[in-house]
Amino acid sequence: MPSRAVLLVNLGSPDSTAVPDVRRYLDEFLGDERVIDRPASPLLRSLLVHRLITPKRAPNSAHAYEQIWTAEGSPLIVLSHRTAQKLTTALGPAIPVYLAMRYGNPSIASVVAQIAADGIDEVLLFPQYPHYAMSSWETVVVKVHEEAARLAPRLRITTVQPFYADADYINALHAVAAPYLAQPHDLVLFSFHGIPERHLRQTDSSHAHCLTVADCCITCSPAHATCYRAQIFATTRALVARAGIPSDKFTVSFQSRLVGEPWLTPYTDHLFKQLPTQGKKRLLVICPAFVTDCLETLEEIAVQGRQEFLAAGGETFQQIPCLNDHDAYIQFLATRVRRWLTDGSA
Ligand SMILES: C=CC1=C(C)c2cc3[nH]c(cc4nc(cc5[nH]c(cc1n2)c(C)c5CCC(=O)O)C(CCC(=O)O)=C4C)c(C)c3C=C
Ligand SMILES: [Fe+2]
Ligand SMILES: [Fe+2]
């Protein structure tokens, strides 16, 4: 019987809030050609990222991380470890659970080397992203395969596909959101991490659908297998149906953009300023692109977003936590792992 294991991979955080650590992390993150992919020349891109962007960004990012850092470290890392621990308990000792980060530590290289040293033959790679994006799900899958080819060439890898509409994932979102949805509110804002519009066109396998066909994301197409926006709308539709949210009580927006080119719209920070003027003064915010609370939910939304919304005339601002180590999310993960163990499907 081959020896099997699960590998959870999340995005990662700096080792500390010290500016040099944040800069090293940003250098690795933004140096990824699937995250910053322009200019096309590797030399020019490297100059742009390592000489211009990260030196300027690192002190501001370090300050943002200081706002959310805990005694145990980065929330994303701490919460991911808790999730891995709970999954280990749910699955029992026969199936070890490993955890790696795409950027920073524990690195994919170190964890793949450990998997090989432990004599594992087959692994279920479980990227902790519900939606496909070349800057999230795809870069994890490519990096794990690169490191496995180098460090564990005999390892067989099965990869969990983006699970944006999986009924158990939607049930888990609903389990976390239900107590908040029961409170009075005017609007539920579904705020997803943005990506450049250009990335949608680039990952459109048909080269003729995304942002080309009218209403591209609701017109059925094979391009949706790699369309971040179509998958986001699918998650939203599924949760809205599951929770019975009326059509005039929710909207979708995109956060965390960088400057320089159009990203997916509407922008979350613009809505925080506009919604109170449209009578939407009691806001509930949910961020389903992130399975784990992180800088983007705990600082950008919970700190900055709240301030912006209240300063614009908003009255109440309530944020729904991410899935984190909620029992319903552990159940979703465990169900997928057991399915793989039983019939090999992912
Ligand atoms: C949910 C999926 C994510 C996608 C898609 C994504 C794309 C993307 N991100 C950047 C730039 C930054 N993102 C940063 C933080 C960050 N991003 C995600 C997830 C996705 N990013 C998470 C979970 C986090 C939080 C990490 C943590 O430690 O808590 C940052 C770093 C912080 C900062 O300086 O603002 C940057 C930079 C780009 C350019 C991009 C797509 C092209
Ligand atoms: Fe689309
Ligand atoms: Fe990001």
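- Per an unreviewed UniProt entry, the protein chain goes by the name Ferrochelatase and belongs to Horticoccus luteus.
- What the UniProt record of the protein chain gives under Pathway (unreviewed entry) is the line "Porphyrin-containing compound metabolism; protoheme biosynthesis; protoheme from protoporphyrin-IX: step 1/1."
- We quote the UniProt Function (unreviewed entry) comment for the protein chain here in full: "Catalyzes the ferrous insertion into protoporphyrin IX."

1. Thoughts on the UniProt feature "binding site: Fe(2+)" (unreviewed entry) in the protein chain
Stage number 1. In the numbering used here, UniProt assigns the "binding site: Fe(2+)" (unreviewed entry) feature to H193 and E296. Separation in sequence by 104 residues is not matched in space for these annotated residues, since their most distant C-alpha atoms are only 8.1 Å apart.
Stage number 2. Among the secondary structure elements, H193 is positioned in strand 5 (residues 187–193).
Stage number 3. Look at H193 and you get buried, because 26 C-beta atoms sit within 10 Å.
Stage number 4. Among all residues touching H193, those that are not within four sequence positions of it are Q255, S256, A289, F290 and E296.
Stage number 5. Relative to the helices and strands, E296 is located in helix 10 (residues 295–311).
Stage number 6. Classification of E296 by C-beta neighbours within 10 Å gives buried; the count is 21.
Stage number 7. Beyond its immediate sequence surroundings of up to four residues, E296 is in contact with H193, Q255, S256 and F290.

2. Let's talk about the pairing of strand 4 (residues 156–159)
On a regular strand, one side chain projects to one face of the sheet and the next to the other, so that they alternate.
Stage number 1. Inspection of the sheet shows strand 3 (residues 122–127) paired to strand 4 by four bridges, in the parallel sense. Its bridge partner lying in strand 4, V123 is registered against I157.
Stage number 2. Handedness of the strand 3-helix 5 (residues 134–151)-strand 4 crossover: right-handed.

3. Looking at helix 6 (residues 167–181)
Stage number 1. The sharpest bend along helix 6 comes to roughly 35°, located at A175, with the proline P179 sitting one to four residues further on.
Stage number 2. Among the residues of helix 6, those classed as buried are Y169, I170, A172, L173 and A177.
Stage number 3. Looking at the buried side of helix 6, the elements it contacts are helix 8 (228–243), strand 7 (282–286) and helix 11 (327–343).

4. Focus on the site of ligand 1
Stage number 1. Every one of the 22 residues lining ligand 1 counts as a neighbour, but S13, S61, S135, C294 and L295 are closest to it.
Stage number 2. Counting residues per element, the ones that place at least two in the shell around ligand 1 are helix 2 (42–68), helix 5 and helix 10.
Stage number 3. Of the residues in the shell around ligand 1, the class split is 13 nonpolar, seven polar and two charged.
Stage number 4. A domain-level breakdown of the shell around ligand 1 finds at least three residues from each of domain 1 (4–163 + 327–343) and domain 2 (167–319).

5. As for the environment of V252
Stage number 1. Take V252: it is sitting in strand 6 (residues 250–255).
Stage number 2. The exposure class assigned to V252 is partly exposed, which follows from the 18 C-beta atoms found within 10 Å.
Stage number 3. Separated by 35 residues in the primary sequence, V252 and C287 place their C-alpha atoms 9.9 Å from one another.
Stage number 4. Those residues in contact with V252 that lie beyond four places of it in its chain are F190, F192, I232 and T236.

Definitions and limits used
- Residues numbered from 1 in each chain as written.
- Chains lettered and ligands numbered in written order.
- Predicted model: local features only at pLDDT ≥ 70, side-chain atom pairs only at ≥ 80, totals over all residues.
- UniProt positions renumbered as here; feature names shortened; annotations may be inferred.
- Helix = DSSP H or I, 4+ residues; strand = E, 2+ residues; numbered from the N terminus.
- Buried ≥ 20, exposed ≤ 12 C-beta atoms within 10 Å, placed from the backbone.
- Contact = placed C-beta atoms within 7 Å.
- Pairing = 2+ DSSP bridges.
- Right-handed = clockwise from strand over helix to strand, strands pointing away.
- Bend = angle between axes of the 7 residues up to and from the residue.
- Near = placed C-beta within 6 Å.
- Nonpolar A, V, L, I, M, F, W, Y, C, P; charged D, E, K, R; others polar.
- Domains from an automatic or database assignment.

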